Amino acid sequence: MSSQVSFTFPSPIGGVPYRSDYTPSFVFAVLYGLLIPITIYRFACKSSRTMVVAGTVFNAVERIVVLALRAEQATSRLERTDSNLTSYLQTSYIIGYLAIAADLVILLRSLLVQATAIPQERIIVIDDPESGDKVSLMEKTDKVDVRVETKTVSDRRQRERLWYRRITVLALLECLAPFVVGIVAGIVYTNGTTNKGQADLTRVLLYVGAGLSALALLTIQLLAVYAALFVRNAIRSSALLLVGITALLEIITIYHLITLNQQSRGSSSSTSDALAHVPRLSLGSDTFFYVFQIIPEYIASVILVGINARERFQTGMWGDSWFRNYVPVRRA
C-alpha cells in the first residue's frame with residue numbers, strides 16, 4: 001500500500017507504458033530500423049559518404065532499442081515500473097534529439113564556411129602552333145573539372161569565415177549544456193519519486209535543460225535564417241532545410257516544457273509504487289508522446305539520412321575542421 005505523502009514529482013515523459021503502447025512502439029521501432037539500410041547505402045557510396053550525421057544515426061539506432069524496451073514495458077508489469085529502466089528511458093527521451101541538433105550545427109558550419117570559399121584561377125597552358133611558344137589563358141571558375149595548373153585568388157572573406165567558425169563552436173556548446181543537464185536529470189529522476197528534495201531537484205534540472213535546449217535550437221534556427229537571407233554564396237535551399245528541421249526539434253522541447261506541468265504523487269515506499277499511480281491520461285503519455293516526440297524526431301532523421309548531406313552542404317567526410325583555420329576552395 002502506498003504511503004500518504006505530501007509531495008509530487010514530474011510525470012515521466014511518455015507516461016508509464018501500458019498495453020495500448022505496444023503497437024505504436026513496435027511500429028516506430030520497425031520504421032527506425034528501415035533507416036539502417038539507407039545509412040549503410042549512404043556510407044558505402046563514395047559520393048555521399050560522410051560522418052557529419054553520425055549523431056542522427058546513433059539516435060536512430062538507440063530509438064530502435066528504446067522503443068523495443070518500451071514495447072516490453074507495455075506487456076510486463078514488472079518492467080513497467082522498474083526504476084533502472086525508467087531512468088534510462090527518461091534520459092534518452094530528454095537528450096536524444098540533441099544529438100540531431102548537434103548534427104545541424106555541423107551542417108550549418110559547413111554551409112557557412114563553404115559560402116566564403118575562394119574560387120580558383122585556372123591557367124590553361126597551350127602551344128602556339130605558329131611560334132611554338134607557350135601561351136597562358138587565364139579564366140576564373142568555381143568548378144575544377146579538368147586537370148590544369150591552378151592558383152587561388154586573394155581571400156577577401158577571411159574575417160567573416162573566422163566569425164562563422166567561432167559562432168558555430170558556441171552553438172555546439174549550447175547543445176552540449178542541456179545534454180549534460182539532461183543526463184543528470186535522468187539519473188536522479190527515479191530518486192525523486194520517493195524523496196521530495198530529489199523531486200524538486202529533478203524538476204529544476206528538467207526546466208533548466210528544456211530552457212537551454214530551446215535556446216540552442218533558437219540559435220541554430222536564427223543562424224540558418226541569416227545564412228538563407230544574408231550570406232553571399234550560401235545555398236539558400238539548404239539553409240531553409242535546416243530551419244525546417246530545427247522547427248521539428250522545437251516541437252519536442254515545447255512538449256517537454258508542457259509535460260513538466262503534469263505532476264504525479266510521490267511515494268515514500270518505493271519507485272514502483274509511485275510509477276504505478278502515474279495518471280494515464282496526462283499529456284506525457286500515449287498519443288501525445290508519439291505525436292510530439294517520436295514523430296518529429298523520426299521525420300528529422302529521415303530527412304538527414306535520406307538526403308546526400310555531403311553534396312547538399314559540401315561537408316566532405318568530416319565537415320569543416322574544428323581545429324585549424326584553413327582556407328576552403330570552392331569545388332564542384
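Provided above is the structure to which this section pertains.
These figures come from a predicted structure and were not determined experimentally.

Conventions adopted
Residues numbered from 1 in each chain as written. Predicted model: local features only at pLDDT ≥ 70, side-chain atom pairs only at ≥ 80, totals over all residues. Heavy atoms only, no water. Helix = DSSP H or I, 4+ residues; strand = E, 2+ residues; numbered from the N terminus. Buried < 20%, exposed > 50% of the residue type's maximum accessible area, 1.4 Å probe, protein only. Contact = heavy atoms within 4.5 Å. Areas by Shrake-Rupley, 256 points an atom, 1.4 Å probe, with all protein chains shown as cover. Core = buried A, V, L, I, M, F, W, Y, C linked by side-chain atoms within 4.5 Å. Axes fitted to C-alpha atoms, helices over the stretch in contact; angles between N-to-C directions. Parallel < 35°, antiparallel > 145°, perpendicular 65-115°, else oblique. Nonpolar A, V, L, I, M, F, W, Y, C, P; charged D, E, K, R; others polar. 1 Å grid on protein atoms, 1.4 Å probe; cavity = no way out; pocket = protein on both sides within 12 Å on 5 of 7 lines; lining within 4 Å. Points joined across faces, edges and corners; volume = space filled by probe spheres on them. Salt bridge = Lys/Arg side-chain N within 4 Å of Asp/Glu carboxyl O.

(A) Main features of the overall build of the chain. Within the chain one finds 11 helices and 5 strands. Counting all 332 residues of the chain, 49% fall into the buried class. Counting contacts in the chain only where the partners sit at least 6 residues apart, residues at least 24 apart contribute 82% of the total. For the chain, the exposed area adds up to about 16200 Å²; of that, 62% sits on carbon and sulfur atoms.

(B) Expanded view of the nonpolar core. If you look at the biggest cluster of nonpolar residues, it comprises 62 residues, and the most contacted ones within it are Leu242 and Leu249. Elements that contribute at least two residues to this core include exactly helix H1 (22-33), helix H3 (54-75), helix H5 (83-115), helix H6 (158-188), helix H7 (196-230), helix H8 (236-259) and helix H10 (286-306). Residue contributions to this core peak at 17 residues, all from H5. Leaving out residues up to four positions away in the same chain, leucine 249 has contacts with Tyr97, Ile100, Ala101, Leu104, Leu217 and Ala300.

(C) Up close: the packing of H5 against H6. It is the contact of H5 with H6, at a shortest axis distance of 8 Å, that shows an interaxial angle of 175 degrees. Of the possible angle classes, the one that applies to H5 and H6 is roughly antiparallel. By residue class, the composition of the contact of H5 with H6 is 18 nonpolar, 5 polar and 3 charged.

(D) Region of interest: empty space enclosed by the protein. Taken as a whole and judged by the stated rule, the model has 3 cavities of 30 Å³ or more. Ile13, Ile94, Leu206, Ala210 and His256 are the residues nearest the centre of the largest cavity, which is lined by 20 residues in total. Elements with a contribution of two residues or more to the lining of the largest cavity: H5, H6, H7 and H8. Take the lining of the largest cavity: its biggest share by element is 5 residues, from H7. When grouped by side-chain class, the residues that make up the lining of the largest cavity number 13 nonpolar, 7 polar and no charged.

(E) The arrangement of the layout of surface pockets in detail. Taken as a whole, the second largest pocket holds about 340 Å³ of empty space. Lining the second largest pocket are 18 residues, and of these Gly55, Leu98, Ala99, Ala102 and Phe179 lie nearest its centre. In terms of residues, the lining of the second largest pocket owes the most to one element, H5, which gives 10 residues. Within the lining of the second largest pocket, the residues separate by chemical class into 11 nonpolar, 5 polar and 2 charged.

(F) Expanded view of the pattern of salt bridges. Here the structure, examined in full by the defined rule, presents 7 salt bridges. Of the charged contacts, one joins aspartate 21 and arginine 70 as a salt bridge, the two residues approaching to 3.0 Å between their closest N and O atoms. Taken together, the positions of aspartate 21 in the loop between strand E1 (8-10) and H1 and arginine 70 in helix H3 put the pair 49 residues apart, joining distant regions of the chain. What makes aspartate 21 buried here is its relative accessible area of 1%. Judged by relative accessible area, arginine 70 falls into the buried class, the value being 0%. A salt bridge links arginine 63 to glutamate 297; the shortest N-O distance between them is 2.6 Å. Note that arginine 63 is positioned in helix H3 and glutamate 297 in helix H10, a separation of 234 residues in sequence. Across this residue pair, the class does not change: arginine 63 and glutamate 297 are buried. Linked by salt bridges that have partners in common, Arg109, Arg165 and Asp320 make up one network.

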